[in-house]
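Tertiary structure, described
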Amino acid sequence: MAIDIGKNVSENLPFILGAIAIVAVQYFLRKKHGPGGSQQDMVQNILVELKLDARMAEAFSLKWNTRTMMTTSWRLYREKLDFLPRQVQDDLDDTFELIEDYNQQMTSAKKFKTNSYMAGVDMDKLKPMLARCQEGLEQWLLLTTGSRNPPEKVSGMFDDLMGKR
């Protein structure tokens with residue numbers, strides 16, 4: 001009793017092509033925006049970064065650690081934030097300038113394997129700046145979207161198949 005694989009594939013080909021087409025359509029319909037995403041996406045990404053940096057600043061106060069802070073979203077979006085109030089833009093500029101200075105000191109401390117570079121880090125100055133930026137971005141989200149929290153993600157077909165729902 002030999003199984004003819006070619007015959008089984010040809011019989012099921014319409015179903016296979018249909019499944020591939022459904023997956024492709026869903027992929028293109030749900031594709032997220034690239035680095036030039038919506039204003040809300042930009043603000044939310046920077047806000048997440050600020051919250052992580054605030055946690056790292058708190059951890060640094062307890063014990064000098066050698067982890068650099070996040071600046072990826074800031075670098076992507078800093079030229080596109082002219083929709084934010086001027087004060088929030090200025091606060092973000094000052095805060096991320098200080099974070100980049102901190103990151104340079106961290107890199108130097110790692111490179112030369114000494115903590116002497118850490119003595120110049122002033123987390124007491126950075127913490128209120130991070131909080132002020134977070135408040136400004138959350139206020140903008142509240143005025144623009146009516147909520148400080150990001151919208152809930154709509155689950156997709158793969159989420160259902162993989163049990164992520």
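Residues numbered from 1 in each chain as written. Predicted model: local features only at pLDDT ≥ 70, side-chain atom pairs only at ≥ 80, totals over all residues. Heavy atoms only, no water.

1. Regarding the overall build of the protein chain
Stated formally: Numbering of helices and strands runs from the N terminus, with a helix taken as a DSSP run of H or I at least four residues long and a strand as a DSSP run of E at least two residues long. For the exposure calls, accessible area comes from a 1.4 Å probe over protein chains only, and a residue counts as buried if that area is under 20% of its type's maximum, exposed if over 50%, partly exposed in between. Residue contacts are counted whenever heavy atoms from the two residues lie within 4.5 Å of one another. The Shrake-Rupley method, run with a 1.4 Å probe, gives the accessible areas here. Residue values count only the displayed protein chains as cover.
In terms of helices and strands, the protein chain carries six helices and zero strands. The order of α-helices and β-strands along the protein chain, N terminus first, is α-α-α-α-α-α. By residue count, 30% of the 165 residues in the protein chain fall in the buried class. Sequence-distant contacts, at least 24 apart, represent 75% of the contacts inside the protein chain between residues at least 6 apart. A total of about 11500 Å² of accessible surface is found on the protein chain, and carbon and sulfur atoms cover 57% of it.

2. Observations concerning the side chain of Q89
Here is the rule: As used in this structure description, the phrase polar contact means that two N or O atoms lie within 3.5 Å; if the pair is within protein, one of them must be able to donate a hydrogen and the other to accept it, and residues adjacent in sequence are counted only when both atoms belong to side chains.
Assignment of secondary structure puts Q89 in helix 4 (residues 86–112). For Q89, a relative accessible area of 13% translates into the label buried. For Q89, the side chain forms a polar contact with the main-chain oxygen of L84, separated by 2.7 Å. Other than its neighbours up to four places away in sequence, Q89 contacts L81, D82, F83 and L84.

3. Regarding a nonpolar patch on the surface
The line we're drawing: Residues forming no salt bridge and having over 30% relative accessible area are the ones grouped into patches, like charges within 9 Å of each other and nonpolar side chains (Val, Leu, Ile, Met, Phe, Trp, Tyr) within 5 Å. Each reported salt bridge corresponds to a side-chain nitrogen of Lys or Arg within 4 Å of a carboxyl oxygen of Asp or Glu.
A cluster of nonpolar residues, V9, L13, I16, L17 and I20, forms a patch on the protein surface that exposes about 430 Å² of accessible area. Looking at where V9 falls in the secondary structure, it is placed in helix 1 (residues 5–30).

4. What to know about the nonpolar core
Within soluble globular proteins, side chains that are nonpolar tend to cluster in buried spots. Selection rule: Buried residues of nine kinds, namely Ala, Val, Leu, Ile, Met, Phe, Trp, Tyr and Cys, make up a nonpolar core once their side-chain atoms join them within 4.5 Å.
In this structure, I46, L50, M69, L81, L84, L92 and L137 are the most contacted members of the largest nonpolar core, which totals 27 residues. Elements that contribute at least two residues to this core include exactly helix 2 (39–62), helix 3 (72–77), helix 4 and helix 5 (123–145). Of all the elements, helix 2 adds the most residues to this core, at eight residues. Look past the residues within four positions of M69 in its chain and what remains in contact with it is D53, M56, A57, I99, Y102, N103, M123 and L126.

5. Remarks on a negative patch on the surface
Put simply, the rule is: His is not counted, nor are the chain ends, whereas Lys and Arg count as positive and Asp and Glu as negative. One atom stands in for each charge, and that atom is NZ of Lys, CZ of Arg, CG of Asp or CD of Glu.
Negative charge collects at one region of the surface, where E79, D93, D94, E97 and D101 lie side by side. As for its position among the elements, D101 is in helix 4. For D101, a relative accessible area of 34% translates into the label partly exposed.

6. Quick notes on the packing of aromatic side chains
Counted only if it meets this: Centres within 6.5 Å make a pair out of two Phe, Tyr or Trp rings, where for Trp the six-membered ring is used; the pair is then stacked when the planes are under 30 degrees apart, edge-to-face when over 60, and tilted otherwise.
By the definition in use, this model includes two aromatic pairs. With 4.8 Å between their ring centres and 5 degrees between their planes, W74 and F96 make a pair best called stacked. Taken together, the residues W74 in helix 3 and F96 in helix 4 connect sequence positions 22 residues apart. For the pair W74 and F96, a shared accessibility class is recorded, and that class is buried. Each ring, one from F83 and one from W140, has its centre 5.2 Å from the other, and the planes form 55 degrees; the classification is tilted. Of the two residues, F83 sits in the loop between helix 3 and helix 4 while W140 sits in helix 5, which places them 57 residues apart along the sequence.

7. A closer look at helix 4
Note the cut-off: Residue count minus one, scaled by 1.5 Å, sets the expected span of a helix.
Under the 1.5 Å per step criterion, the end-to-end length of helix 4 is 39 Å for 27 residues, consistent within 8% with the ideal 39 Å. Buried within helix 4 are the following residues: V88, Q89, D91, L92, T95, F96, I99, Y102, N103, Q105, M106 and A109.

Structural measurements only, silent on function.
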